[in-house]
Amino acid sequence: MNEKNIFIVRCGEAALKGQNKAYFEKMLVERLRKLIKRRFDDVEVRRQGGLIFVRADKAIEPDELIKEMSKVFGIASISPAVEAASDIGTIGEAAANYMKDIMEKTDIRTFKVDAKRADKTFPLKSPEIARTVGAYVLKGCKTLKVDVHEPDVYLFIDVREKVSYIYRQKIPGFGGLPLGTNGKGMVLLSGGIDSPVAMWMMAKRGMSIEAVHFHSFPYTSQRAREKVEELASIVAVYCSRFRMHVVNILPIQEAIAADCPEDEMTILVRRFMMRIAERVAKENGCGMLITGESLGQVASQTAEAITVTDEATDMPVMRPLIAMDKVDIMSIAKEIGTFEKSIEPYEDCCTVFLPKHPVTKPKIEKIKRSEGKLDVEGLIEKVMGDKETVDIFPK
């Protein structure tokens, strides 16, 4: 029965969704199939009894497949497993052989059997299954002993109606919710550390995403833009193909520099970004904006500055990093693979016309007076007319 490698995939929060559970599980299976198909052939994915079972050709390296599967949001854990017919003797013999294989690869001396009886018609209850299988293992593996407190190996037995499963590991996934189950948002994506992490975190909550990127060519280079596209392609591994809208805001920055106080440059540009992002979001069916802001990290991210920035848009703004320390954000960036690309030293539009002493506690009345000197709608129309849209594919 073991012609293929078998993996048990467990749902995370999707398993808690009550009447909507089937919908979430279906979305998770579809996403898993799509990701696996991108790299591997001859892999079967099916949903059964609250679990997802993946069967793969033995030529596929198990660790590589697990690595890919673990990137799918909604997966709580993955277990490489072997299967046996649901007969206690067959299960016991398969468990003993399974442990022999482990002993050939790993120095272990103790084990504990943890049995679960999903099939309530099975004649033995869970404790009896554990004791009986343990006896088979002791008989087949003479050097092993049982340790119920701190065993070297936990041997899990999952008894089901026709086929039972034997495994030892529960490899954690990222959890969260399946992509596409929680609306769509527009990310303001820069080339820094924070916004790719914010994008990843919202996708982890099941949100489909698009992105808008602002640049100031020729003050910012083509290579700086390419860096952002490369960053986006790394995140696309987790959240699938998406579109990125690219806007050159240099005309807006030049107008602000000519007519407004220097210390207000950062907050005024930020308000324009929010207005433009809102317009792009509405044009593309997005219900909210997403930013990588963290409270107090820079001048434009003080409580007062964020309040003034939000006044420029009617659309909800999600800030998943708002209370996180920079060290924690960097840790996630390293885990998901964006950190090294984010720290490459290419210029960003936010550094163009950067004031020496930016206002940190802006007043909305003063900011609006400054905006009154500008043709706000005309400037937005000008840069929107030159907007580009590119497709981002997983790296």
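Refer to the preceding data block for the structure.
A brief look at the structure comes next. Here the structure is a predicted model, which means the values were calculated and not measured.

### Examining the overall build of the chain
- Counting its regular elements, the chain contains 13 helices and 15 strands.
- Relative to its length of 395 residues, the chain is extended, with a C-alpha radius of gyration of 27 Å against a globular reference of 21 Å.
- Each of the three principal axes of the chain carries a C-alpha extent, and together these read 85 × 35 × 35 Å.
- Counting over 395 residues, the chain shows a buried share of 52%.
- Across the chain, every contact between residues at least 6 apart in sequence was considered, and the portion connecting residues at least 24 apart equals 81%.
- For the chain, the exposed area adds up to about 18600 Å²; of that, 50% sits on carbon and sulfur atoms.
- Separation of charge centres in the chain, based on 60 positive and 58 negative side chains, amounts to 5 Å.

### A word on the packing of aromatic side chains
- For the structure on display, the rule yields ten aromatic pairs.
- Pairing Phe73 with Tyr238 gives two aromatic rings, centres 6.1 Å apart and planes at 20°, and the pair type is stacked. With a gap of 165 residues between them, Phe73 in the loop between helix 2 (62–69) and strand 4 (75–85) and Tyr238 in helix 6 (residues 222–239) connect regions that are remote in the sequence. Just as Phe73 is buried, Tyr238 falls in that class too.
- Taken together, a centroid distance of 5.1 Å and an interplanar angle of 80° make the contact between Phe174 and Trp200 edge-to-face. Separated by 26 residues along the polypeptide, Phe174 in the loop between strand 9 (171–172) and strand 10 (184–188) and Trp200 in helix 5 (residues 194–204) bring together distant segments of the chain.
- A cation sits over an aromatic face here: Lys170 above Phe156, 4.8 Å from the ring centre.

### Things to note about unusual backbone geometry
- For the peptide bond that leads from Phe217 to Pro218, omega is 10°, which places it in the cis range.
- Locating Pro218 in the fold gives a position in the loop between strand 11 (208–215) and helix 6.
- In this structure, Ser240 takes a positive phi of about 70° despite not being glycine.
- Along the chain, Ser240 falls in the loop between helix 6 and strand 12 (242–248).

### Comments concerning the packing of helix 8 (residues 265–283) against helix 9 (residues 303–310)
- Two numbers describe how helix 8 lies on helix 9: the axes approach to 9 Å, and their chain directions differ by 40°. The pairing of helix 8 with helix 9 is recorded here as oblique in orientation. For the pair helix 8 and helix 9, the crossing hand works out as right-handed. The residues of helix 9 that touch helix 8, namely those facing Ile267, Arg270, Arg271 and Met274, are Ala305, Val308, Thr309 and Asp310.
- For the contact of helix 8 with helix 9, the residue count by class is four nonpolar, one polar and three charged.

### A look at the nonpolar core
- Among the nonpolar cores identified, the biggest contains 37 residues, and Leu189, Val197, Met199, Trp200, Ile209, Phe242 and Met244 are the most heavily contacted of them.
- Residue assignment for this core shows that the elements contributing at least two residues are helix 5, strand 11, helix 6, strand 12, strand 13 (288–290), helix 10 (326–336) and strand 15 (388–392).
- Once you skip the residues sitting within four places of it in the chain, Val197 turns out to touch Leu321, Ile329, Ile332, Ala333, Ile336 and Thr338.
- Judged by nonpolar contacts, the second largest core, of 34 residues, contains Ala255, Ile267, Ala277 and Ile380.

### Here we look at the pattern of salt bridges
- Inspection of every chain in the model, using the stated rule, returns 30 salt bridges.
- Between Asp158 and Arg160 there is a salt bridge; the shortest N-O distance is 3.2 Å.
- A salt bridge links Glu230 to Lys341, with the nearest nitrogen and oxygen atoms 2.4 Å apart. With a gap of 111 residues between them, Glu230 in helix 6 and Lys341 in helix 11 (residues 339–342) connect regions that are remote in the sequence.
- On the accessibility criterion, Glu230 (23% relative accessible area) is partly exposed.
- What makes Lys341 buried here is its relative accessible area of 14%.
- Three or more residues joined by partner-sharing salt bridges are found here, namely Arg38, Arg39, Glu64, Glu68 and Lys71.

### Description of helix 9
- Along helix 9, the residues classified as buried are Ala305, Ile306, Val308 and Thr309. The buried residues of helix 9 occupy one face: seen down the axis, they fall within an arc of 165°.
- Buried-residue contacts for helix 9 involve helix 8 and helix 12 (364–371).

### Considerations on the sheet that holds strand 12
- The strand order 14-13-10-11-12-15 describes an open sheet built from six strands, whose pairing is mixed. Sheet topology places strand 14 (317–318) and strand 15 at the edges, where each strand pairs with a single neighbour.
- Here strand 10 runs beside strand 11; their pairing, made up of five bridges, is parallel. Paired with Val187 across the two strands is Ala211, which belongs to strand 11.

### Considerations on a nonpolar patch on the surface
- Residues Leu138, Val146 and Val148 make up a contiguous nonpolar surface patch of about 230 Å² in total accessible area.
- With respect to the helices, strands and loops of the structure, Val148 is situated in the loop between strand 6 (145–146) and strand 7 (153–159).
- Given a relative accessible area of 47%, Val148 falls into the partly exposed group.

Conventions we followed
Counting restarts for each chain, with residues numbered from 1 along the sequence as it is written. Confidence filtering applies because this is a predicted model: local features only for residues at pLDDT of at least 70, side-chain atom pairs given and counted only at 80 or more, and all residues used for totals across whole chains, interfaces and linings. With hydrogens and water stripped out, all remaining heavy atoms of the structure feed into the side-chain values. Runs of H or I in DSSP of at least four residues are treated as helices and runs of E of at least two as strands, each being numbered from the N terminus. The quantity called the radius of gyration is restricted to C-alpha atoms. Its globule counterpart is 2.2 Å times the number of residues to the power 0.38. Under the scheme applied here, a residue whose accessible area is under 20% of the maximum for its type counts as buried, over 50% as exposed, and between as partly exposed, the area being computed with a 1.4 Å probe on protein chains only. Note on contacts: a residue pair is in contact if any heavy atoms of the two residues lie within 4.5 Å. We get accessible surface area from the Shrake-Rupley algorithm with a probe of 1.4 Å; when it comes to residues, only the shown protein chains can shield them. The sign given to each residue is positive for Lys and Arg and negative for Asp and Glu; His and the chain ends receive no count. Working definition for charges: the position is that of NZ of Lys, CZ of Arg, CG of Asp or CD of Glu. Pairing of aromatic rings covers Phe, Tyr and Trp, the last counted by its six-membered ring, and requires centre-to-centre distances within 6.5 Å; plane angles under 30 degrees mean stacked, over 60 mean edge-to-face, and any other angle means tilted. Charge-over-ring placement is defined geometrically: NZ (Lys) or CZ (Arg) within 6 Å of the ring centre, and within 35 degrees of the ring normal. Axes, fitted as lines to C-alpha atoms, cover a helix only where it is in contact. Angles between the N-to-C directions of the axes lie from 0 to 180 degrees. Our angle categories are set so that under 35 degrees counts as roughly parallel, over 145 as roughly antiparallel, 65 to 115 as roughly perpendicular, and the remainder as oblique. Two helices that cross are described as forming a left-handed crossing if the nearer one is turned anticlockwise from the farther one by less than a right angle, and a right-handed crossing if clockwise. Only Asp, Glu, Lys and Arg are considered charged in this grouping, and only Ala, Val, Leu, Ile, Met, Phe, Trp, Tyr, Cys and Pro are considered nonpolar; every other residue, Gly among them, is considered polar. Throughout this description, the term nonpolar core refers to a set of buried Ala, Val, Leu, Ile, Met, Phe, Trp, Tyr and Cys residues connected via side-chain atoms within 4.5 Å. A carboxyl oxygen of Asp or Glu within 4 Å of a side-chain nitrogen of Lys or Arg is what we treat as a salt bridge. Each C-beta atom gives one direction from the helix axis, and the arc is the one those directions make. Pairs of strands are assigned from DSSP output, requiring at least two bridges between the strands. Grouping into patches uses exposed residues only, defined as over 30% relative accessible area, and leaves out salt-bridged ones; the cut-off is 9 Å for like charges and 5 Å for nonpolar side chains (Val, Leu, Ile, Met, Phe, Trp, Tyr).

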